[in-house]
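For reference, the chains in residue letters:
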Amino acid sequence: MSSPSLPGARTPIIQVSEEKYSASLHVEPLGTRVHFRGTISTVNPAGVLNPFVDQVHEHLLKAGAKDVRVDFTELEFCNSSGFKSFIYWIQKIQAAGDKQYRLRFISSPARKWQRTSLLALSCYSPNAVEIG
Amino acid sequence: MTEPSTTTRPIYLMLRMKPPWVFVDEIRRFVESFCACACPGETREAQVALAVHELMQNAIPHAGGENVDLTLQVDPIADRIEIAVSNPATEEQFLDFKRRLDRINTEPDPLQSYLRAMSEAPMNQRGGLGLARVRFEAQLELSITREGNRITVLAWGRLRAPLLQVPGGIHV
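The shown structure was predicted, so the numbers you read here are calculated from the model rather than taken from an experiment.

### Focus on the interface of chain B and chain A
Then, in step 1: Taken together, the 33 residues of chain B in the interface contact 29 residues of chain A.
Then, in step 2: Counting each side, the surface lost to burial between chain B and chain A is near 2700 Å², with a carbon and sulfur contribution of 60%.
Then, in step 3: Contact with chain A buries area across many residues of chain B, yet Met118, Met123 and Arg133 of chain B alone supply 22% of it, more than any other trio.
Then, in step 4: Linking chain B with chain A are 4 salt bridges.
Then, in step 5: In this structure, Asp25 of chain B and Lys20 of chain A form a salt bridge, with 2.6 Å as the shortest nitrogen-oxygen distance.
Then, in step 6: At the surface where chain B touches chain A, the tally comes to 12 residue pairs in polar contact (both at pLDDT 80 or more).
Then, in step 7: Residue contributions to the side of chain B that touches chain A peak at 7 residues, all from helix 2 (residues 45-63) of chain B.
Then, in step 8: Considering only residue class, the side of chain B that touches chain A consists of 17 nonpolar, 8 polar and 8 charged.

Here it is as structure tokens:
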């Protein structure tokens, strides 16, 4: 379940977790970072991740963000059902008109699947996706 | 006379499982390690592991508690990888699966097929993306057969696959 916490606290502003994975939004000196950890491989992760994406998206719109770092360095795997939550996120960005921002993915060279998955996402929306 | 290197022979892995969903991660990790050991110097293990994960994920819900069989063949001489996943399925499930696969295979470019699946897949429920993902990301062709009450999804391709290329020249 997601749990908003107080602005300015060291804890994540928005976070969600299941047994095998977690996602959290952090406001840092370098900007906003959304950190995914673990293995997204449950039957229907969209039930957990899409509401998290909704909250993160609203936060970024209110903050007037131009980009957000999406940190995959500790994400071991993401199944196709979980991958759809990132497509869902991009679709929300595309619908945001002049408030659109970019997802700057930070990948792990050790997780080779990330290269192909992020390549596909960048083809899906070159304007919204950047691979770091 | 010394034994030929194991990497010059076809290598097989066969698993028969009645796995609940939670074991899919363990199977993916095992397949990735197996491929890395079977074909040192090649770089296909992550793609094969991804494909096995997605195909197993499709098979388990339809298996109804019955066996799911996985066969993996790696043939360095023939430059070929083959994954077969079979499970019980009804006629209706087979036809539905075949219809989805035919639609994916109708598009000659795996990336375009994948991008279409991304646009059309329902965002709030599972399904609709895995097969197109396997075809593009794992660089494997897909087909399906039926024998008795079991279906088998076959994924095959080159062991030494070319770099993935997309418009604009980006490749991985």
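From this point, the discussion proceeds with the structure in view.
### Considerations on the sheet that holds strand 4 (residues 67-78) of chain A
All names here are of chain A.
Then, in step 1: Pairing within the open sheet is mixed, and its 6 strands lie in the order 1-2-3-4-5-6. The strands lining the two open edges of the sheet, one partner per strand, are strand 1 (14-17) and strand 6 (129-131). Ignoring which end each strand starts from, the neighbouring axes of this sheet average 20° apart.
Then, in step 2: Direction of pairing for strand 3 (residues 31-40) relative to strand 4: parallel, over a ladder of 7 bridges. Its bridge partner lying in strand 4, Arg37 is registered against Glu74.

### Observations concerning helix 2 (residues 80-94) of chain A
All names here are of chain A.
Then, in step 1: Its 15 residues place the ends of helix 2 21 Å apart at the C-alpha level, agreeing with the 21 Å of an ideal helix rising 1.5 Å per residue.
Then, in step 2: Where burial is concerned, most of helix 2 is hidden: 12 out of the 15 residues are buried.
Then, in step 3: Taken residue by residue, helix 2 has Ser80, Ser81, Gly82, Phe83, Lys84, Ser85, Phe86, Ile87, Tyr88, Trp89, Ile90 and Ile93 as its buried positions.

Thresholds applied
Residues numbered from 1 in each chain as written. Chains lettered and ligands numbered in written order. Predicted model: local features only at pLDDT ≥ 70, side-chain atom pairs only at ≥ 80, totals over all residues. Heavy atoms only, no water. Contact = heavy atoms within 4.5 Å. Buried area = accessible area lost by both parts, 1.4 Å probe. Salt bridge = Lys/Arg side-chain N within 4 Å of Asp/Glu carboxyl O. Polar contact = N/O pair within 3.5 Å; in protein donor to acceptor, adjacent residues only side chain to side chain. Helix = DSSP H or I, 4+ residues; strand = E, 2+ residues; numbered from the N terminus. Nonpolar A, V, L, I, M, F, W, Y, C, P; charged D, E, K, R; others polar. Pairing = 2+ DSSP bridges. Axes fitted to C-alpha atoms, helices over the stretch in contact; angles between N-to-C directions. Expected span 1.5 Å × (residues − 1). Buried < 20%, exposed > 50% of the residue type's maximum accessible area, 1.4 Å probe, protein only.

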